[in-house]
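Overview (structure and organization)
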Amino acid sequence: QTPNDFVHVSWPGLVGVVSGMNRQGLSVANLVVLHQRAKIAPGTPVLFAMRHMLERADSTEAAVALLRSLSRTGPQNYAIADAQSAVAIETWVERFKVRRMDKGVVAIANGFDEPRRGPRRGRYRRMMAMATMWSRHDSDSLVHILRDVALASMNVQAILFTPALQKLEISINAQPAAKGPYTSLLIEPLFRRPK
């Protein structure tokens, strides 16, 4: 199988993928899991797992199946979406928990079991509360949510993915990155081969 073309947001010298979108519109992002005393195990490093999903999967479900099949090295959360669906996944060496959209929304932050056990005023609960305030989830409302919940010292990139349009809105120039400004990028022209 020929690998899918994809784009990803990275830094010079970083091997692997932190977040990206492929030609089919599959979008993947990861979030470090905080406050877990993890035993690290041999397996596929997170940034290579991300690249593997973009190269080999063409839908959310295919990416979930692929990630499930890999040996995982430590705790990590993922957000995966295509034009029709989105999931949040909590993983660890022995853990693989998928949360699907509810009323058009799925969210994930930097912990496990946040819908049930997250702090009342935690980032996950704030995201969900704000998401219910808007009838539409457009770029403006999503940027507002990201700005509110960003971890100032850790938020070095913020990306809004629009898989159906193959569009990214990226902020990487300041911390927290979620505060913007955002630059829009249509990725389809990047995949055109020169004649």
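Residues numbered from 1 in each chain as written. Predicted model: local features only at pLDDT ≥ 70, side-chain atom pairs only at ≥ 80, totals over all residues. Heavy atoms only, no water.

**Let's talk about the environment of Pro181**
Convention followed: Where helices and strands are cited, they refer to DSSP runs of H or I of at least four residues and of E of at least two residues respectively, numbered from the N terminus. A contact between two residues is defined here by any heavy atoms of the two lying within 4.5 Å.
Position of Pro181 among the secondary structure elements: in the loop between β8 (167–171) and β9 (183–186). Distance in space between the C-alpha atoms of Pro181 and Arg56 is 32 Å, their sequence separation being 125 residues. In this structure, Pro181 is in contact with Ile170 and Ser171, ignoring residues within four places of it in sequence.

**Some points on the packing of helix α1 (residues 46–56) against helix α2 (residues 60–69)**
Any two packed helices are characterised by how steeply their axes cross, that is the angle between the axes, and by the distance between the axes. Going by this rule: Whenever a helix is involved, its axis is fitted only over the stretch in contact; in every case the axis is a line through C-alpha atoms, and angles between N-to-C directions fall within 0 to 180 degrees. Should an angle fall under 35 degrees it is taken as roughly parallel, and over 145 as roughly antiparallel, whereas 65 to 115 is taken as roughly perpendicular and any remaining angle as oblique. Handedness of a crossing is defined here by the sense of rotation of the near helix relative to the far one, left-handed for an anticlockwise turn of less than a right angle and right-handed for a clockwise turn. Classification used: nonpolar for Ala, Val, Leu, Ile, Met, Phe, Trp, Tyr, Cys and Pro, charged for Asp, Glu, Lys and Arg, polar for all others including Gly.
Axis separation between α1 and α2 bottoms out at 9 Å; the angle between their running directions is 140°. Comparing the axis directions of α1 and α2 gives the class oblique. For the crossing formed where α1 meets α2, the hand is right-handed. Touching Ala49, His52, Met53 and Arg56 of α1 are Ala63, Leu66 and Leu67, all from α2. Taken together, the residues of the contact of α1 with α2 sort by class into five nonpolar, one polar and one charged.

**Some remarks on α1**
Selection rule: The classification of residues rests on relative accessible area computed with a 1.4 Å probe and restricted to protein chains. Under 20% of the type maximum is buried, over 50% is exposed, and intermediate values are partly exposed.
Among the residues of α1, those classed as buried are Val46, Ala49, Met50, Met53, Leu54 and Glu55. Residues of α1 that are buried make contact with β1 (6–9), β2 (19–22), β3 (27–32), α2 and β4 (76–81).

**As for the packing of helix α4 (residues 123–133) against helix α5 (residues 139–149)**
At a closest axis distance of 10 Å, the pairing of α4 and α5 adopts a crossing angle of 155°. Relative to α5, the element α4 is oriented roughly antiparallel. Pair α4 / α5 crosses with right-handed handedness. In this structure, α4 uses Arg123, Arg126, Met127, Met130 and Ala131 to contact α5, whose residues at the interface are His144, Ile145, Asp148 and Val149.

**What about the sheet that holds β8?**
Put simply, the test is: Pairing between two strands requires that DSSP report at least two bridges joining them.
The strand order across the open sheet formed by three strands is β7-β8-β9, and the pairing between neighbours is antiparallel. At either end of the open sheet lies a strand with only one pairing partner, and these are β7 (158–162) and β9. Strand-to-strand, the axes of this sheet are offset by a mean angle of 20°, without reference to chain direction. For β7 and β8, the ladder comprises five bridges, and the chain directions are antiparallel. Bridge pairing links Leu160 to Glu169 in β8.

**Some details on the side chain of Arg72**
So the rule is basically this: Note on charges: Lys and Arg go in the positive column, Asp and Glu in the negative column, and His and the chain ends are not counted at all. Definition used for salt bridges: Asp or Glu carboxyl oxygen within 4 Å of a side-chain nitrogen of Lys or Arg. Polar contact is defined as a pair of N or O atoms within 3.5 Å, subject to the rule that within protein one atom must be able to donate a hydrogen and the other to accept it, and that residues adjacent in sequence are counted only when both atoms are side-chain atoms.
With respect to the helices and strands, the residue Arg72 is situated in the loop between α2 and β4. Although Arg72 is buried, it makes no salt bridge; Glu94 carries the closest opposite charge, 7.0 Å away. From its side chain, Arg72 meets the backbone oxygen of Arg68 in a polar contact 3.4 Å long. Of the polar contacts made by the side chain of Arg72, one reaches the backbone oxygen of Trp92; its length is 2.9 Å. Beyond its immediate stretch of four places on either side in the chain, Arg72 contacts Ala41, Pro42, Leu67, Thr91, Trp92, Val93, Arg95 and Phe96.

**Quick notes on the sheet that holds β1**
Sheet strands pair via backbone hydrogen bonds, and the direction of the pair is either parallel or antiparallel. Strand order in the open sheet formed by six strands is β1-β2-β3-β4-β5-β6, with antiparallel pairing between adjacent strands. At either margin of the open sheet sits one strand with a lone partner, and together these are β1 and β6 (96–100). The mean inter-strand angle of the sheet, taken between neighbouring strand axes irrespective of direction, is 20°. The pairing of strand β5 (residues 86–91) with β6 spans five bridges and is antiparallel. Within β6, the position partnered with Val87 by the bridge is Arg100. Against the sheet, α1 touches β1, β2, β3 and β4, its axis set at about 165° to β3. Against the sheet, α2 engages β4, β5 and β6, with an angle of about 165° to β6.

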